[in-house]
Amino acid sequence: MTKRRERMSDKVSLYKGDITILEVDAIVNAANSSLLGGGGVDGCIHKAAGSCLYDECHSLNGCETGKAKITCGYDLPARYVIHTVGPVARGHVGNAETNDLTSCYQNSLKLVMEHGLSTVAFPCISTGIYGFPNEPAADIALNTVKSWIEENPDKITRVIFCVFLETDFTIYKKKMSALFQGM
Ligand code: AR6
């Protein structure tokens, strides 16, 4: 049987399951540009956080692709939600999709740092309804976070990659053990 939690290093870990139960400083939401909720992980986060999250999101005037905005976590165990908007890839990975997905991770981590937070959990942004292929999306997520940790070694205590599907768990586990050894 596959283990559902992997601690790859002091700084990163892999968890398979529902992001809304994680007791971390911030969870990241794979939102759409309206920030007013939707399906997938976005729907789960809004449902678990309650209607105050919708009200705060409503005041933010949306969010562009690749950018990120932060709100309180309300009824979630997480203190904050960082809402980022991934590219709509529909199976295509070109420069625009790659750059936008990279920006999602970078801009989310920038908010983590600006708010002095130390633990953050990411879902597999864009790989569900937005159709970004899983393997290249994992490469972008992992390499962007790795670079960020290397550039900001004192700024964060833990990044959790929260996957939902067995296929992502397998992809992340393999890539993470190669990429984060000794970190
Ligand atoms: N916890 C963690 N991951 C989850 C959860 C959960 N509770 N539920 C789903 N996932 P998606 P996108 C995984 O579709 O592709 C929404 O309608 C899911 O298995 O949520 O960025 C928004 O409003 C997948 O691995 O996000 C946008 O319109 C990953 O989360 C659009 O979908 C992302 O899948 C965004 O699409």
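Computed from a prediction, not measured in an experiment: that's the story for all the values here.

1. Quick notes on the site of the ligand
Then step 1. Residues in close proximity to the ligand total 22 residues, the closest being N32, G39, V41, D42 and G128.
Then step 2. Take G39: an N or O atom from its main chain is 2.7 Å from an oxygen atom of the ligand.
Then step 3. Y130 places a main-chain nitrogen or oxygen 3.0 Å from an oxygen atom of the ligand.
Then step 4. Protein chains shield 92% of the accessible area of the ligand, which is 700 Å² for the free molecule.
Then step 5. Ranked by residue count, the leading element in the shell around the ligand is helix α1 (residues 40-49), at four residues.
Then step 6. Class assignment of the residues belonging to the shell around the ligand gives a composition of 10 nonpolar, nine polar and three charged.

2. Here's the deal with the side chain of H46
Then step 1. One can find H46 in helix α1.
Then step 2. Residue classification places H46 among the buried positions, given a relative accessible area of 12%.
Then step 3. The contact partners of H46, leaving out residues within four places of it in the chain, are N29, L35, L36, G37, L53, Y54 and C57.

3. Some details on the packing of helix α4 (residues 134-151) against helix α5 (residues 166-179)
Helix-helix packing: each pair is described by the crossing angle between the helix axes and the interaxial distance.
Then step 1. Contact geometry for α4 and α5: axes closest at 10 Å, N-to-C directions at 40 degrees. As summarised for this structure, α4 and α5 are arranged oblique, according to the angle between their axes. Read as a crossing pair, α4 and α5 show a hand that is right-handed. The residues of α5 that touch α4, namely those facing N134, E135, A138, D139, A141, L142, N143 and K146, are T167, D168, I171, Y172, K175, M176 and L179.
Then step 2. Here the residues of the contact of α4 with α5 sort into seven nonpolar, three polar and five charged.

Calculation notes
Residues numbered from 1 in each chain as written. Predicted model: local features only at pLDDT ≥ 70, side-chain atom pairs only at ≥ 80, totals over all residues. Heavy atoms only, no water. Near = heavy atom within 4 Å. Polar contact = N/O pair within 3.5 Å; in protein donor to acceptor, adjacent residues only side chain to side chain. Areas by Shrake-Rupley, 256 points an atom, 1.4 Å probe, with all protein chains shown as cover. Helix = DSSP H or I, 4+ residues; strand = E, 2+ residues; numbered from the N terminus. Nonpolar A, V, L, I, M, F, W, Y, C, P; charged D, E, K, R; others polar. Buried < 20%, exposed > 50% of the residue type's maximum accessible area, 1.4 Å probe, protein only. Contact = heavy atoms within 4.5 Å. Axes fitted to C-alpha atoms, helices over the stretch in contact; angles between N-to-C directions. Parallel < 35°, antiparallel > 145°, perpendicular 65-115°, else oblique. Left-handed = near helix turned anticlockwise from the far one by under 90°.

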